[in-house]
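Report on the structure
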Amino acid sequence: MLGYLLYGFEHLVTSWALVGLLAGVFAGVIIGALPGLTATMGIALLIPFVYKFTPEVALSVMVGIFAGGIYGGSISAILLNIPGTPAAGATTLDGFPMAQSGHAGKAIAVSTIASALGGLIGALILTFLAPQIAKVALLFGPPEYVLLGIYGLTMISFVAGKSMAKGYFMGILGLIIATQGIDPISGYPRFTFGSLNLLNGLYLLPVLIGLFAVSQAFESVELWDEPVNLQTKLYRVGISLKEFKTILPHIIKSAFIGTFIGAVPGTGTDIAAFLSYGEAKRSSPHGEKFGTGVIEGIAAPESGNNACVNGAMIPMFTLGIPGEAATAVMLGGLMILGLQPGPLLFRDNPQVIYTVFASTISSNIFILVFGLMGARFFARILNLPKNVITTLIFILSIIGSYAMRNNVFDVAVTIGFGFVGFLMVKAGYPVPPMLLGIILGPIVESNLGRTLLISDGDLFIFFKRPICWLFIILIVVTVGTGLKNRMKMYRS
Amino acid sequence: MIKIKTRIFDVGAGIIGLAIAAYIYYASGSFPEPHESQLGAAVFPRLLAILLILFVVFITLDNILKKDKTVFYIKNEMQVLFCFIALLVYGSIFKSIGFLIATPFFIAALLLILRLKNFKTIVVVSLSTTILIYVVFKMLLSVPLPPGIIDSIG
């Protein structure tokens, strides 16, 4: 494995992947820093422009945007008290008070160092743990894949937001959308309305851009007149050795918390950040000062959320299951690049996967460099006029959806899904479950077809295989936990 | 600002959900019968249609039991609507007219919708953004941007 990893690093530095990663982290920090733009949207928006590159380069760009975006969110959290991404929500608690007391530079330095170190620990865990999980996953046959797909769909319980029923409603709509086009088993065209454009079903990319970029741009239009007031100036960006020693234990602990949270499908960077913050507050000798502007209150969530980025990639790469929105979009990106996510990726494309691992490790160095040296530049970006940024997102969405197939139908799909997605989100219908349905639907259906063929139509095959039992237990536990949480919420 | 009752929106979404489920049942009636041990083209979509109906019922019951009175707002609704229309127009004509001609007008329209009033700024932003995107995507990344009527003139 070390040989593959060394090859990954060699390939990273000798190919365009390093440039892609650098550009990805840079763009990610900007996207993350701008309130209203998320890493998820950034990845969705850039897929059509990187799909022509080799998979290593394209994936390095995506990894860079994801890691940079989650870090970038802390810049606006500290300077504006507005988390640039949901993951930076916990960072506002101590980051903004610290900035108000004139220590914005120190707050950004703490966030940068914690993000880079937390991300590095998470990336190392990803690199060494993922291949072991993939080895087990290589034993999967069609019945295991059916249950794996269903297990992935149960993650809707956790990404659904306020209403689980609305989440599943959207997930089923996604599954229905995925049935459009030629049936994988019989070859019969389904629900195509006689249109050639629908013969292979809706193309994933325009749907993805519509749901995650255009809908968010509509939200920016809706809030275009909300004032953004950047008052804080950055003076000295850095911390002392004593301060570094104070935050280091919190960074390490939060990195493990974040990676674990990320590896559990259905969680996310925001949860990892808040849990890390909570644990740091609990274990700190001066926990009562948290919330007034202490450096540990910035270090813990920032380490946790960037470690979570890497943890979230564990189930995505090894099992092909997206745990949350950004990895769902990345998974879509993998498929658009012609790669089959899951254990086969490790067997068939080790050079790609280990270059990506090298990218996840290296991205943290770029975060450190950009964060410490470019903080003033990124702070200035917060002053960019909102209407120009929104306009840019609309244009990139349109040309992105058009670029892959030169088809105006795809543009219409993007606009349609963007507008409907915007309305659905307003009414409490989350969009990530729809993407989960679109991605996992074909896996479940085609493998169910194969399972029935190999078992002569016997559905009890699911109860005759040990790995299937593991998934059945996981599905029951996941749905049960989701329902229990909802009941608690309902009662309170 | 438009105020919408979540309950009303849910009823609308539910009706659309039921219509989709009904269409799936109707359309899948003409799918070929599967051979022995085959899943069949109609089985999975029909299963999904049933699940969709179940969740529509669940959302409706939830609304009735909770006596849901929540509302949500769409602020600046005219701007949102005009942006949607501008997107539709741009999306439908940018291939035939061409990226370089359609895009500055689209950017200018969006900036006007978003109440940017300075004419000079609108012109500068529209033209510079179009050229920047063209250089980055067409020239550096080789993304195919439609030439439109410029091509026929050339």
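Here the structure is a predicted model, which is why all the values come from computation and not from measurement.

Considerations on the interface of chain A and chain B
The interface of chain A with chain B comprises 61 residues on the first partner and 64 residues on the second. A combined buried area of about 5,600 Å² lies between chain A and chain B, and 80% of that area is made up of carbon and sulfur atoms. Counting the surface chain A buries against chain B, the share from its top three residues, Phe169, Phe191 and Trp224 of chain A, is 11%. Close ionic contact of Asp10 of chain B with Lys166 of chain A constitutes a salt bridge, the shortest N to O distance being 3.3 Å. Taken together, chain A and chain B are joined by 7 residue pairs in polar contact (both at pLDDT 80 or more). Among the elements of the structure, helix H9 (164-179), strand E2 (189-190), helix H10 (204-222), helix H18 (386-403), helix H19 (408-426) and helix H20 (432-454) of chain A are those that each provide at least two residues to the side of chain A that touches chain B. Looking at the side of chain A that touches chain B residue by residue, the classes come out as 42 nonpolar, 9 polar and 10 charged.

Digging into the environment of Ile30 of chain A
Residues and elements named next belong to chain A. In this fold, Ile30 is placed in helix H2 (residues 17-33). Take Ile30: its relative accessible area is 18%, and that puts it in the buried class. When the C-alpha atoms of Ile30 and Ile156 are compared, they prove to be 29 Å apart, with 126 residues separating the residues in sequence. Those residues in contact with Ile30 that sit more than four places away from it in its chain are Phe377, Phe378 and Ile381.

Structural notes on the confidence of the model for chain A
Across chain A, pLDDT averages 87, with 97% of residues at or above 70. Element-level pLDDT for chain A is lowest in helix H8 (residues 156-159) of chain A, with a mean of 74, against a maximum mean of 94 in H19 of chain A.

Comments concerning the packing of H10 of chain A against helix H14 (residues 325-336) of chain A
All names here are of chain A. With their axes 10 Å apart at the nearest point, H10 and H14 run at an angle of 160° to one another. What the angle tells us is that H10 and H14 run roughly antiparallel. Crossing of H10 against H14: the hand is left-handed. In contact with Leu204, Leu205, Leu208 and Phe212 of H10, H14 contributes Ala325, Val329, Gly332 and Ile336. The residue inventory of the contact of H10 with H14, partitioned by class, reads 7 nonpolar, 1 polar and no charged.

Observations regarding the side chain of Thr269 of chain A
All names here are of chain A. Locating Thr269 in the fold gives a position in helix H12 (residues 269-283). Taking relative accessible area as the criterion, Thr269 reaches 9% and is therefore assigned buried. Thr269 has contacts with Ile70, Ala87, Asn305, Cys308 and Val309, leaving out every residue within four places of it along the chain.

Criteria and thresholds
- Residues numbered from 1 in each chain as written.
- Chains lettered and ligands numbered in written order.
- Predicted model: local features only at pLDDT ≥ 70, side-chain atom pairs only at ≥ 80, totals over all residues.
- Heavy atoms only, no water.
- Contact = heavy atoms within 4.5 Å.
- Buried area = accessible area lost by both parts, 1.4 Å probe.
- Salt bridge = Lys/Arg side-chain N within 4 Å of Asp/Glu carboxyl O.
- Polar contact = N/O pair within 3.5 Å; in protein donor to acceptor, adjacent residues only side chain to side chain.
- Helix = DSSP H or I, 4+ residues; strand = E, 2+ residues; numbered from the N terminus.
- Nonpolar A, V, L, I, M, F, W, Y, C, P; charged D, E, K, R; others polar.
- Buried < 20%, exposed > 50% of the residue type's maximum accessible area, 1.4 Å probe, protein only.
- pLDDT = per-residue confidence, 0-100.
- Axes fitted to C-alpha atoms, helices over the stretch in contact; angles between N-to-C directions.
- Parallel < 35°, antiparallel > 145°, perpendicular 65-115°, else oblique.
- Left-handed = near helix turned anticlockwise from the far one by under 90°.

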